[in-house]
Amino acid sequence: EKIFCWSMEGDSDLQFLLSGADLLKVRSGSWKKTRFYKLQEDCKTMWHESKKALRPRQTFSVEDIECVRSGRQTEGLRKYTEEALETRAFSILFKGRRKNLDLVAASEEEAKHWVSGLQKIISNLNSLSQQQKTEHWIFNCLRKADINGDNKMSQEELKNFLKNINIEVDDDYVKLIFEVCDKSHCGFLELEEIKHFYEILTQREEIDVIYEEYAKTNGLMSAFNLLEFLSKEQKEEVDLAHAVQLIEKYELDEAEKQLMTKDGFLMYLHQPEGLIMKPSHKGVYQDMTQPLNHYFISSSHNTYLLEDQIKGPSSTEAYIRSLMKSCRCLELDVWDGSDGEPVIYHGYTLTSKILFKDVIKAIKEYAFKTSNYPVILSLETHCSVDQQKLMAQHMTTILEDALITKPLGDHMPMELPSPEELKGRFLVKGKRLNRLEALFLDEDTEEEEVVTEEEDSRDDDDEEDAQRNSSKKSKTLNLAKELSDIVIYCKSVKFHGFEHARNNQSFYEISSFKEGDAMKLAEKSANEYILHNEGKLSRIYPSGFRTDSSNYNPVPLWNAGCQIVALNFQTPCTEMDLNQGLFSQNGMCGYVLKPFFLRHRDSEFDPITLNRGPWLKHTEFRVMVISAQQLPKVNPKISSIVDPLVRVQIHGVPADMAEKETDYIVNNGFNPMWNSYFQFDLSVPKLALVRFVVEDYDAVSSNDFIGQCTIPFTSVQNGYRHVPLFNKNGDLLSSAGLFVHTMAVDAE
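Residues numbered from 1 in each chain as written. Predicted model: local features only at pLDDT ≥ 70, side-chain atom pairs only at ≥ 80, totals over all residues. Heavy atoms only, no water.

The protein carries the name Phosphoinositide phospholipase C in an unreviewed UniProt entry, which gives Electrophorus electricus as its organism. According to its UniProt record, the protein has this under Catalytic activity (unreviewed entry): "a 1,2-diacyl-sn-glycero-3-phospho-(1D-myo-inositol-4,5-bisphosphate) + H2O = 1D-myo-inositol 1,4,5-trisphosphate + a 1,2-diacyl-sn-glycerol + H(+)". (UniProt positions renumbered as here; feature names shortened; annotations may be inferred.)

Caption draft 1: How the structure looks around the overall build of the protein. Per the secondary structure count, the protein includes 23 helices and 28 strands. A total of 748 residues make up the protein; the buried ones form 57% of that total. Of the contacts formed within the protein by residues at least 6 apart in sequence, a portion of 68% connects residues at least 24 apart. For the protein, the exposed area adds up to about 32,900 Å²; of that, 49% sits on carbon and sulfur atoms. (Helix = DSSP H or I, 4+ residues; strand = E, 2+ residues; numbered from the N terminus. Buried < 20%, exposed > 50% of the residue type's maximum accessible area, 1.4 Å probe, protein only. Contact = heavy atoms within 4.5 Å. Areas by Shrake-Rupley, 256 points an atom, 1.4 Å probe, with all protein chains shown as cover.)

Caption draft 2: Structural view of the UniProt feature "active site" (unreviewed entry) in the protein. When the UniProt feature table is mapped onto this chain numbering, "active site" (unreviewed entry) sits at H301 and H346. Taking the farthest pair of C-alpha atoms as the criterion, the annotated set spanning 46 residues converges on one region, since that pair is 11.2 Å apart. Among the structural elements, H301 can be located in the loop between β8 (295-300) and α13 (316-324). The residue H346 is located in the loop between β10 (343-344) and β11 (354-355) in this model.

Caption draft 3: Examining a negative patch on the surface more closely. On the surface, E192, E199, D253 and D263 cluster together into a negatively charged patch. If you trace the backbone, D263 turns up in helix α12 (residues 262-269). Classification of D263 as partly exposed rests on a relative accessible area of 43%. (Patch = residues over 30% accessible without salt bridge, like charges linked within 9 Å, V, L, I, M, F, W, Y side chains within 5 Å. Salt bridge = Lys/Arg side-chain N within 4 Å of Asp/Glu carboxyl O. Lys, Arg positive; Asp, Glu negative; His and termini not counted. Charge placed at Lys NZ, Arg CZ, Asp CG, Glu CD.)

Caption draft 4: Inspection of the side chain of H382 at higher detail. In this structure, H382 sits in the loop between β12 (375-381) and α15 (385-399). Taking the relative accessible area as the measure of exposure, H382 reaches 14% and is therefore buried.

Caption draft 5: Structural view of the packing of aromatic side chains. All chains considered together, the criterion is met by 28 aromatic pairs. Here F368 and F426 contribute two aromatic rings whose centre-to-centre distance is 5.1 Å and whose plane-to-plane angle is 55°, an arrangement assigned as tilted. Here F368, found in the loop between α14 (356-366) and β12, pairs with F426, found in strand β13 (residues 426-430); they are 58 residues apart in sequence, far enough to count as distant. Judged by its relative accessible area of 2%, F426 is buried. Here the aromatic rings of F596 and F597 are separated by 5.2 Å at their centres, their planes lie at 80°, and the arrangement is edge-to-face. Overall, F597 belongs to the buried group, its relative accessible area being 1%. (Phe/Tyr/Trp six-rings, centres within 6.5 Å; stacked < 30°, edge-to-face > 60°.)

Caption draft 6: How the structure looks around unusual backbone geometry. Phi is positive for N218, which is not a glycine, with a value near 55°. Its location among the elements puts N218 in the loop between α9 (205-214) and α10 (223-232). The exposed category is assigned to N218, whose relative accessible area is 78%. Here the phi dihedral of S549 falls at roughly 65°; this positive angle occurs in a residue that is not glycine. On the secondary structure map, S549 appears in the loop between β18 (538-541) and α22 (555-559).

Caption draft 7: Region of the structure containing helix α7 (residues 171-181). V174, I177, F178 and C181 are the residues of α7 that are buried. The buried residues of α7 occupy an angular sector of 105° when projected down its axis, which confines them to one face. In this fold, the buried residues of α7 make contact with α6 (155-164) and α8 (191-201). (Arc of directions from axis to C-beta.)

Caption draft 8: Representation of a nonpolar patch on the surface in the model. A surface patch of nonpolar side chains, amounting to about 330 Å² of accessible area, comprises Y173, L176, V180 and I200. For the nonpolar patch, the leading source of residues is α7, giving three residues.

Caption draft 9: Here's a closer look at the pattern of salt bridges. Across all of its chains, the model carries 29 salt bridges by this definition. The shortest N-O distance in the salt bridge between K364 and E400 comes to 3.2 Å. In this pair, K364 sits in helix α14 while E400 sits in the loop between α15 and β13, placing the two residues 36 residues apart along the sequence. Across the salt bridge formed by K429 and E380, the nearest N and O atoms sit 4.0 Å from each other. Taken together, the residues span a long stretch of sequence, with K429 in strand β13 and E380 in strand β12 at a distance of 49 residues. On the accessibility criterion, K429 (0% relative accessible area) is buried. Each member of the salt-bridge network shares a partner with another, and the members are E331, E380, K429 and R539.

Caption draft 10: Region of interest: α15. Taking 1.5 Å of rise per residue, the 15 residues of α15 would be expected to cover 21 Å, and the 21 Å separating its terminal C-alpha atoms lies within 8% of that figure. Listed in full, the buried residues belonging to α15 are V385, Q387, Q388, M391, A392, H394, M395, I398 and L399. Phi turns positive, to about 50°, at E400, one or two residues after α15. (Expected span 1.5 Å × (residues − 1).)

Caption draft 11: How the structure looks around the pairing of strand β9 (residues 329-335). Within β9, seven of the seven residues are buried, which leaves the element mostly enclosed by the surrounding structure. Burial along β9 is two-sided: C329, E331, D333 and W335 facing one way and L330, L332 and V334 facing the other are all buried. When β9 meets β12, the two strands line up parallel, connected through six bridges. Paired with L330 across the strands is L377, a residue of β12. In terms of strand pairing, β9 meets β10 through two bridges, oriented antiparallel. Counted as the bridge partner of W335 is V343 from β10. (Pairing = 2+ DSSP bridges.)

Next comes the structure, spelled out in structure tokens:
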């Protein structure tokens, strides 16, 4: 408890949460029940009563909370509670697919205690070092193993504890380690003996070997010793002052501030300086002043869906989740609402409907919380002219000056503006009645252009609707001038081939490609596609037959320079891992500058044929997978221990695609060790992604996923590095990780 609560000791919010209080739990208009909630003494677990006979008491971990929002901000609270409850209402939103917890406190003051207290605890959790997280995780497991609660540990409890932390050992080993720690020979481990057991358990043999090689100053590391390690092993070009700074920053022993102990060294290896990704790449480090078409843009398809495309729920929460992951291009599939208000849903399906204006409000509130760079609103409009006018009205009144409604500057631009110029702004992608040049000419543009539903579906990604309703007669739709006028830099046009695009398509016109068509172009005409994408934006979307919201592989499209490669963010999968990996760099701002050979107008690069050029840089990438720490069980409710193995994958141009794997370790998810060495030969490292995947080996069926980490090859640090692991939903596994050694060597 001390790890989490020391900084909040005496805090009134914490004391309130520890005491607990009644809250009204809201699920629907007819389901509103009062339940007692309280924070348990570990300051990490929420307990609440349940009226179900089989589950009278339930708990959830604060670590599973994504965020806490005050007020009636969720759809459930807005729909099922009165506006008068605004100051008493709040919501707990969880990571992954778990449903929100919508609650109403007895008073405004109590609601503030709940929201503020939980937010403080979450902040404390996020600020813990890896070592502190490990200590607390082990502490909780020890407490669970102490069945009778006497703060002592019997030999049987010790064995149960080892199973809890994912280690299966035989009785002889348990007896041996117990006898080593039982100094008092009383048959139980007491406080100091448990502490000794903890030290034995958490000893990192692989770290000991590295440390002892460089700890040449009375068994400790001086700044000179640390500098030697940084230069020789980590391949860092740093000076003595940097080594001194690291010791001052991470050494835990106040008496050894001029020297680094083994604990301080381990602390350093768990910090940003010691992780796999270059610390400089965690912030915005790329040139953000180039035209939009020079960047890969994190993009979502069917953003409104939380699940499948046939009967899954639509939700404003889906937009919020995508934005909080720094998605910068959102899709809005808009249809006529029965009460005159346009709605968003997946047309001709059983997916639920949400109001267009509610979505725009949510987008405005959350668009720039994780990134200041522009958000593109990709409209798929199926509305009548009247409701199109309402769409335009809602966007202009809600988004106000943040909405781009005219070109920047006083003259007709010659290229798209940059992310830097568009910071904090919204761009609308959709149909436009006339060319942008008309804004700078003295001509009448009042007439309305007539387009057909059939044309519109081909231009954008509603082809799946056309496929599902091919028997329906295509009807004529008018485009409202009010909606047309706010389409400035992303006018949707149909793609008629590269030659036609070269001669007729303007820089502000964007074509959408179904995945199958885009994949063919990327494979058969890769260089032409690259040259097309050098000057214009392209948007790729999944096939309409992916009714389960599955995803296609985005890598071949990125290799061809496509910027807006839209994926179903609601679906955990390898493809989303790759997307998260690509956009993990550059401050996770949602924009990544394409390599120079994908943005040069005379580029001859072809990712398929790999013709010679400056993009070819033959590189040997050497990886040693050394060990893992605190891997979670695949199913915590099942007593089986994981048998972990690690796959190392390279995703990039076809010639660089590769995968190698370690052997599996039997019954040890706590501290398995492999020391497996691999080498990969890369041709185009600037397009390569490195993916570490940890699986639970299964001899009978397919392996079970445990965790993964994907990062751009250009962001990988050399040397001994810890690799954080993420679960299938893309959330960080707080205590788990890999320890590896990497080295990139120029092979030319």
